[in-house]
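As a plain string of letters, each chain reads:
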Amino acid sequence: LNVGFRTRISGETDFPCIYGERVGLGRSYVKLDGKLSYDAWTEGIRDGRTYVSDGKSHLLDFKVNGVQVGTQGSEVKLKQAGTVHVTAQVAARLDEQPNEAIRKLRYDEKPYWDLERARLGNTRAVPVELIVNGEVAARRNLVADGALREIAFDLSLARSSWVTLRILPSVHSNPIFVTINDQPIRASRQSAEWCLKAVDQCWGQKAPQIRPAERGAAEKAYEVARQVYRKILAESESK
């Protein structure tokens, strides 16, 4: 996302590889206009009309300047730098008393996704975070009593950016892309460098497994990827 590719996310459990207990610990929620069907559901995934969640919190009707995620290419166009209005309907549900067995676990311990980890102290509140180019830009606290509430942010943008909402580590929206003066998103030079190094790392791992007769063509394909990231790197911000 930081280098301008418009990827979409979806959630799943990867049962039984990551979790052996049961399916449904990671979920994709898709907004459909008509009757539920598998084709409509997969189209919604492709368009990004979704959020991923552990099922205990929800981000509905995420919009930037009235454009709903997954519609109009999830894109908001501005002629110049300015302020956009971000809205969503948000709900979360925690028990009144904390579950110490879960919230004291490290992030690399199961369950990885659980709303209990987001609880603020001994309250029933959790932070809803506005994410811009991978960093937290603003927060609003939400009472996790199961009620659906509207949340809003006014966000000042100086460059083309991607915007999402999350309650970490329970729910995450798909991005909405805000482009300014038709400029591509080039949010992070560090991200572009990482992608370029990842191509080299992948080639180093895969090349010995490729038949000698096919290795030349494969190396050319990898070089195309390198050239793409070198171009993006030259266009990216210094950060």
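Residues numbered from 1 in each chain as written. Predicted model: local features only at pLDDT ≥ 70, side-chain atom pairs only at ≥ 80, totals over all residues. Heavy atoms only, no water.

Peer 1: For this particular structure, what's the right way to read the overall build of the protein?
Peer 2: Along the protein, the regular secondary structure elements total four helices and 12 strands. Oriented by its inertia axes, the alpha-carbon framework of the protein measures out at about 65 × 50 × 40 Å. The burial tally for the protein puts 40% of its 239 residues in the buried class. In the protein, the share of contacts with a sequence separation of at least 24, taken over all contacts with a separation of at least 6, comes to 62%. Carbon and sulfur atoms provide 51% of the accessible area of the protein, an area that totals close to 13,600 Å². If you average the places of the 36 positive and of the 30 negative side-chain charges in the protein, the two averages end up 2 Å apart. (Helix = DSSP H or I, 4+ residues; strand = E, 2+ residues; numbered from the N terminus. Buried < 20%, exposed > 50% of the residue type's maximum accessible area, 1.4 Å probe, protein only. Contact = heavy atoms within 4.5 Å. Areas by Shrake-Rupley, 256 points an atom, 1.4 Å probe, with all protein chains shown as cover. Lys, Arg positive; Asp, Glu negative; His and termini not counted. Charge placed at Lys NZ, Arg CZ, Asp CG, Glu CD.)

Peer 1: Looking at this structure, how should I read the packing of aromatic side chains?
Peer 2: Pairs of aromatic rings are described using the distance from one ring centre to the other and the angle between the two planes. All told, the structure shown has four aromatic pairs when counted by the stated rule. With 6.0 Å between their ring centres and 75° between their planes, Phe5 and Tyr229 make a pair best called edge-to-face. Placement of the pair is Phe5 in the segment before β1 (27-30) and Tyr229 in helix α4 (residues 212-235), with a sequence separation of 224 residues. Judged by relative accessible area, Phe5 falls into the partly exposed class, the value being 38%. Summarising the aromatic geometry, the rings of Tyr29 and Tyr51 are spaced 5.0 Å apart at their centres and angled 10° between planes, so their arrangement reads as stacked. Residue Tyr29 is located in strand β1, and its partner Tyr51 is located in strand β2 (residues 50-53); the two are separated by 22 residues in the primary sequence. (Phe/Tyr/Trp six-rings, centres within 6.5 Å; stacked < 30°, edge-to-face > 60°.)

Peer 1: Any chance you could explain the state of the cysteines here in plain terms?
Peer 2: Put plainly, two cysteines are in a disulfide when a covalent bond ties their sulfur atoms together. For the coordinates displayed, the defined rule picks out zero disulfides. Cysteine Cys195 shares no disulfide, and the gap to the nearest cysteine sulfur, in Cys202, comes to 12 Å. (Disulfide = S-S within 2.5 Å.)

Peer 1: What's the story with the pairing of strand β6 (residues 82-92) in this structure? I'm lost.
Peer 2: For a regular strand, the rule is simple: side chains alternate between the two faces of the sheet. The pairing of strand β3 (residues 57-64) with β6 spans six bridges and is classified as antiparallel. Looking across to β6, one finds that His58 is bridged to Ala91. Pairing of β6 with strand β9 (residues 149-157) involves nine bridges; the strand directions are antiparallel. When the sheet's bridge partners are listed, Ala88 is paired in β9 with Ile151. (Pairing = 2+ DSSP bridges.)

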